[in-house]
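# Close look at the chain arrangement
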Amino acid sequence: MISNKTKPNKFEYEIVGEGYEWWSYKPIIHWINEKVDDGMFGGSLEQAYSYVLSHDVQEIRADYPDFPYTDFEYRS
């Protein structure tokens, strides 16, 4: 990491590989980050993750039809 002692506007990192148990949730993590970058959820990752974790998938899709599917879901 290179620094000039200023706080970056944005910091992103990606863990590459599929040996992690959460790899199938990567599209959801990416979706949350895009929404926060677009100013939704008050621009707060904490609010975005709180919303996703406190609502079921049907409720989220009612509000956000572009919410991604996981490999564990049946698509009708």
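Note: the structure precedes this text.
Report follows, based on the coordinates. (Residues numbered from 1 in each chain as written. Predicted model: local features only at pLDDT ≥ 70, side-chain atom pairs only at ≥ 80, totals over all residues. Heavy atoms only, no water.)

### What about the packing of helix 1 (residues 26–37) against helix 2 (residues 45–54)?
Selection rule: To define axes, lines are fitted to C-alpha atoms, for helices over the stretch in contact only, and angles between the resulting N-to-C directions are given on a 0 to 180 degree scale. Comment: elements are numbered from the N terminus, with helices defined as DSSP H or I runs of at least four residues and strands as E runs of at least two. Throughout this description, any angle smaller than 35 degrees is read as roughly parallel, any larger than 145 degrees as roughly antiparallel, any in the 65 to 115 degree range as roughly perpendicular, and the remainder as oblique. Each helix crossing is assigned a hand: it is left-handed if the near helix lies turned anticlockwise from the far helix by less than a right angle, otherwise right-handed if that turn is clockwise. Contacts are assigned to residue pairs that have any heavy atoms within 4.5 Å of one another. Under the scheme applied, nonpolar residues are Ala, Val, Leu, Ile, Met, Phe, Trp, Tyr, Cys and Pro; charged residues are Asp, Glu, Lys and Arg; polar residues are all the others, including Gly.
Contact pair helix 1 / helix 2: the axes reach a minimum separation of 10 Å and the direction vectors enclose 135°. Our classification of the angle between helix 1 and helix 2 gives oblique. In this structure, helix 1 crosses over helix 2, and the sense of that crossing is right-handed. Contacts from I29, W31, I32, N33 and V36 in helix 1 reach L45, A48, Y49 and V52 in helix 2. The residue makeup of the contact of helix 1 with helix 2, split by class, is eight nonpolar, one polar and no charged.

### Some thoughts on helix 1
The condition is simple: Here the expected length of a helix is defined as 1.5 Å per residue gap, with one fewer gap than residues. To sort residues, take the accessible area from a 1.4 Å probe on protein chains only and compare it with the maximum for the residue type: under 20% means buried, over 50% means exposed, and anything in between is partly exposed. Working definition: the arc comes from the directions between the helix axis and the C-beta atoms, pointing outward to the latter.
Taking 1.5 Å of rise per residue, twelve residues should cover 16 Å, and helix 1 covers 16 Å from first to last C-alpha, within 8% of that figure. Those residues of helix 1 that fall on the buried side of the exposure criterion are I28, W31, I32, K35 and V36. End-on, the buried residues of helix 1 take up no more than an arc of 130°, which puts them together on one face. Where helix 1 is buried, its residues touch helix 2.

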